[in-house]
Each structure stands twice: as structure tokens, then as C-alpha cells.
Amino acid sequence: MMEENRFKVTELRRASAQAEFMERVRTQTVLAEKLLAALLLVNGGAMVGLFTFIGNMQKRGISLRLDTAMLWWSFWGFVVGLVATLAAFAMAFLSQHHFSLSCQYEIMRYDREVLNGASKDNAAERAEVVAGGKFYAAGIILTFGSIIAFLLGCGLALAGVLPA
């Protein structure tokens, strides 16, 4: 009887931990989506904002000393940030694709174990997890690259627009 109670408690703890794990995965997914959407917005908006600012200052007759080389490098910083963000979205998709394939292979392996009784080979699952991990890491690197490109673009934009 005591062993049965211990088993029930263990199963409840496992179910609770699994539910918490699933909630944390959902939270991580939402935060990642919001971060990438924000990076798209700030890099794209910065490109538009830079040219709008310059155009408005010239329309109003405000005398500015523009360093066009700095402004072009700033523009390219925002473009690189935008492209890096789009690539990070692609890496996120590819990582999830490989992780889902790993799950499918795991299910197929369990089915083989039930039918054949002894299929412990999980090489296909491991290969997909490794591939997914590589795309995941590339996505993180690209995300940080986008942030750095945005910051560089901002700094170059500020250096390129000086009061006369």
C-alpha cells in the first residue's frame, strides 16, 4: 500500500513538472516571437525614420550638417539588422522543424518497440535534435547580431546628423 502511494505521489509530481515545463515552453515561444517582431519593427522603423527626419529638417529650413557617408552606413546597419531578424525567424522555423521530426521519429521508435519488442535505435532522433540545436543557436546569434546592427545604426545616424 505504501509503495502504491509513493508511486501516485511520484506520478503527480511528474505531471506537475511536465505541466510547468509546457507552460515555460509556451512562455519562451511568445517572448521569442515578440522579440523578433520588435526587432523587425525597430530596424525597419529606424530606416524610415532616418529618411523622414532628414526630409523634415530640410523642409523646415533647419540647417544641418549631414555626413552622408555616416548616414549611408547607418542605413546599412538597419538593413543588416532587418535581414538578420528575418534570418532569425527562418532559423526558428527550421529548428522547430527538426525538433518536431525528432518527436515523430521517437513516436515511430516506440511503435516499433511495441510491434517488434526491441528497437532501441534512436539515431534518427538524435540527428534531428542536433540539427535543430544548430539552427536554434544560429537564430540566437542572428538575433544578437540584429540588436548590435540596430545599435550601430543608431550611433552612426546620430554621428551623421549634426547641427550646422
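As shown above, the structure is provided for reference.
Quick caveat: nothing in here was measured; it's all calculated off a predicted structure. (Residues numbered from 1 in each chain as written. Predicted model: local features only at pLDDT ≥ 70, side-chain atom pairs only at ≥ 80, totals over all residues. Heavy atoms only, no water.)

A. Expanded view of the overall build of the protein chain. A tally of helices and strands in the protein chain yields three helices and two strands. Listing every helix and strand of the protein chain by position from the N terminus yields α-β-α-α-β. Relative to a compact globule of 164 residues, whose C-alpha radius of gyration would be 15 Å, the protein chain shows 25 Å and is clearly more extended. Of all intrachain contacts in the protein chain linking residues separated by at least 6 positions in sequence, the fraction that spans at least 24 positions is 82%. Carbon and sulfur atoms provide 70% of the accessible area of the protein chain, an area that totals close to 11,500 Å². In the protein chain, 15 side chains carry a positive charge and 13 a negative one; their mean positions are 9 Å apart. (Helix = DSSP H or I, 4+ residues; strand = E, 2+ residues; numbered from the N terminus. Rg over C-alpha atoms; globule rule 2.2 N^0.38 Å. Contact = heavy atoms within 4.5 Å. Areas by Shrake-Rupley, 256 points an atom, 1.4 Å probe, with all protein chains shown as cover. Lys, Arg positive; Asp, Glu negative; His and termini not counted. Charge placed at Lys NZ, Arg CZ, Asp CG, Glu CD.)

B. Main features of the side chain of Asn 43. Structurally, the position occupied by Asn 43 is in helix 1 (residues 2-59). Discounting residues that sit within four places of it in the chain, Asn 43 has contacts with Gly 77, Phe 78, Gly 81, Leu 82, Thr 85, Ser 146 and Phe 150.

C. Focus on the layout of surface pockets. For the largest pocket, the calculated volume is near 650 Å³. Along the walls of the largest pocket sit 20 residues, with Gln 28, Ala 32, Ala 92, Gln 96 and Tyr 136 positioned nearest its centre. Secondary-structure elements contributing two or more residues to the lining of the largest pocket are helix 1, helix 2 (68-116) and helix 3 (123-160). Along the lines of polarity and charge, the residues of the lining of the largest pocket split into 13 nonpolar, six polar and one charged. (1 Å grid on protein atoms, 1.4 Å probe; cavity = no way out; pocket = protein on both sides within 12 Å on 5 of 7 lines; lining within 4 Å. Points joined across faces, edges and corners; volume = space filled by probe spheres on them. Nonpolar A, V, L, I, M, F, W, Y, C, P; charged D, E, K, R; others polar.)

D. Helix 3, seen in detail. Between its first and last C-alpha, helix 3 extends 55 Å over 38 residues, near the 56 Å set by a 1.5 Å rise per residue. Turning to helix 3, its buried residues are Glu 125, Glu 128, Gly 132, Gly 139, Thr 143, Ser 146, Ala 149, Gly 153, Ala 157 and Gly 160. (Expected span 1.5 Å × (residues − 1). Buried < 20%, exposed > 50% of the residue type's maximum accessible area, 1.4 Å probe, protein only.)

E. Geometry of the environment of Ser 102. Assignment of secondary structure puts Ser 102 in helix 2. Spatially, the C-alpha atom of Ser 102 lies 20 Å from that of Asn 116, the residues being 14 residues apart in sequence. Other than its neighbours up to four places away in sequence, Ser 102 contacts Glu 125, Glu 128 and Val 129.

F. Representation of the packing of aromatic side chains. Within this structure, the stated rule accounts for five aromatic pairs. Cluster of aromatic residues (ring-pair linked, three or more members): Phe 51, Trp 72, Phe 75 and Trp 76. (Phe/Tyr/Trp six-rings, centres within 6.5 Å; stacked < 30°, edge-to-face > 60°.)

G. Here's a closer look at the nonpolar core. In terms of nonpolar packing, the biggest core is built from 10 residues, these being Ala 46, Met 47, Leu 50, Ile 54, Leu 71, Phe 75, Phe 78, Val 79, Ala 157 and Val 161. If we ignore the near neighbours within four places in the chain, the residues touching Leu 71 are Leu 50, Ile 54, Leu 66, Ala 157, Gly 160 and Val 161. (Core = buried A, V, L, I, M, F, W, Y, C linked by side-chain atoms within 4.5 Å.)

H. Region of interest: a nonpolar patch on the surface. The grouping of Phe 51, Trp 72, Trp 73 and Trp 76 at the surface amounts to a nonpolar patch, some 540 Å² of accessible area in total. Sort the elements by how many residues they give to the nonpolar patch and helix 2 lands first, with three residues. Its location among the elements puts Trp 76 in helix 2. (Patch = residues over 30% accessible without salt bridge, like charges linked within 9 Å, V, L, I, M, F, W, Y side chains within 5 Å. Salt bridge = Lys/Arg side-chain N within 4 Å of Asp/Glu carboxyl O.)

I. The arrangement of helix 2 in detail. Relative to the 72 Å expected for 49 residues at 1.5 Å per residue, helix 2 spans 71 Å between its end C-alpha atoms, a close match to the ideal helical length. A positive backbone phi angle near 90 degrees is found at Gly 117, which sits one or two residues after helix 2.

J. Geometry of the environment of Ala 88. Mapped onto the elements of the fold, Ala 88 is located in helix 2. Here the alpha-carbon distance between Ala 88 and Leu 142, two residues 54 residues apart in the chain, equals 5.5 Å.

K. Fine view of the packing of helix 2 against helix 3. Put simply, helix 2 and helix 3 touch, their axes get as near as 7 Å, and they point 165 degrees apart. Accordingly, the angle class assigned to the pair helix 2 and helix 3 is roughly antiparallel. Along this stretch, helix 2 crosses helix 3, giving a crossing that reads as left-handed. Here the residues of the contact of helix 2 with helix 3 sort into 26 nonpolar, 14 polar and four charged. (Axes fitted to C-alpha atoms, helices over the stretch in contact; angles between N-to-C directions. Parallel < 35°, antiparallel > 145°, perpendicular 65-115°, else oblique. Left-handed = near helix turned anticlockwise from the far one by under 90°.)

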